[in-house]
Amino acid sequence: GIALTLEEGAASRFGYAYRILAFLLALATITIGRAMLPAFVRAPHLAMQLTIRWAPISFTVGLAIALVIGYFAEPVVAVLFERGAFTPEDTRAVAGVLQLGLWQLPPYFAGIVLLQLVMSLRRYELMIVPSIIMVLIKVIGSLVLVRSYGLDGLMISSAISYSVMLIVYLYVVGRQLVPE
């Protein structure tokens, strides 16, 4: 909705970039979730060790994917969308938005590992505070950053919200699940 308040074409650029991001986020959720949740459920006594090992690896994989796709953003967007009325100028504009949006991937990937840990232990109440904080940061951040950065502000606020969510999850998991 916020993209609709910006200049003409902003919502379309956001939509095209977000299609790629949504695919990557969904793929991460499925892949990491299917790998971690069964391991956590089968060996709950090892869940924390697996989390400590796999959260940084997931963050690094997310960072690598962000860097590679960011570097090749224009050709990726061109192959996926450039035909008909979608011009090379549109490709460059969408690629720029996509490059900023890709910074969501590292904290999101690591956050999925922590979320799977919480879910495997059936500690659903631990998801409430990080989720509320994330939504508040996303909404307020979007409203504030769009004023200064336009469409880029939406992607920046998403990256910030996932980063803060990861930090809050690390805090919550450390305080609530790590034995003293």
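Up top is the structure these notes are about.
Residues numbered from 1 in each chain as written. Predicted model: local features only at pLDDT ≥ 70, side-chain atom pairs only at ≥ 80, totals over all residues. Heavy atoms only, no water.

Draft legend 1. Inspection of the packing of helix α1 (residues 10-42) against helix α4 (residues 88-101) at higher detail. One way to put it is that α1 packs onto α4 with a least axis distance of 8 Å and a crossing angle of 50°. With respect to each other, α1 and α4 are oriented oblique. The handedness of the crossing between α1 and α4 comes out as right-handed. Two secondary-structure elements touch here, α1 through Arg-13, Tyr-16, Ala-17, Ile-20 and Leu-21 and α4 through Ala-93, Val-94, Val-97, Leu-98 and Gly-101. Residues that form the contact of α1 with α4 fall into these classes: eight nonpolar, one polar and one charged. (Axes fitted to C-alpha atoms, helices over the stretch in contact; angles between N-to-C directions. Helix = DSSP H or I, 4+ residues; strand = E, 2+ residues; numbered from the N terminus. Parallel < 35°, antiparallel > 145°, perpendicular 65-115°, else oblique. Left-handed = near helix turned anticlockwise from the far one by under 90°. Contact = heavy atoms within 4.5 Å. Nonpolar A, V, L, I, M, F, W, Y, C, P; charged D, E, K, R; others polar.)

Draft legend 2. The arrangement of the side chain of Ser-58 in detail. Along the polypeptide, Ser-58 turns up in helix α2 (residues 47-71). Excluding residues within four positions of it along the chain, Ser-58 makes contact with Ile-32, Phe-109, Ala-110 and Val-113.

Draft legend 3. Layout of the packing of aromatic side chains. The final tally for this structure, using the stated rule, is six aromatic pairs. Pairing Tyr-71 with Phe-72 gives two aromatic rings, centres 4.9 Å apart and planes at 90°, and the pair type is edge-to-face. The exposure class of Phe-72 is partly exposed, given its relative accessible area of 42%. Seen from their ring centres, Phe-81 and Phe-86 are 5.9 Å apart, and the 40° between their planes marks the pair as tilted. For Phe-81, a relative accessible area of 15% translates into the label buried. Classification of Phe-86 by relative accessible area gives buried; the value is 9%. Through a chain of ring-to-ring contacts, the aromatic side chains of Tyr-16, Phe-81 and Phe-86 assemble into a single cluster. (Phe/Tyr/Trp six-rings, centres within 6.5 Å; stacked < 30°, edge-to-face > 60°. Buried < 20%, exposed > 50% of the residue type's maximum accessible area, 1.4 Å probe, protein only.)

Draft legend 4. Structural detail: the pattern of salt bridges. As enumerated under the stated definition, the model contains two salt bridges in all. Here Glu-89 ties to Arg-92 by a salt bridge, and the two come within 3.5 Å at their closest N and O atoms. Within this pair, Glu-89 and its partner Arg-92 are both found in helix α4, separated by three residues, close to a single helical turn. The partner of Arg-123 in a salt bridge is Glu-125, with the nearest N and O atoms 2.6 Å apart. (Salt bridge = Lys/Arg side-chain N within 4 Å of Asp/Glu carboxyl O.)

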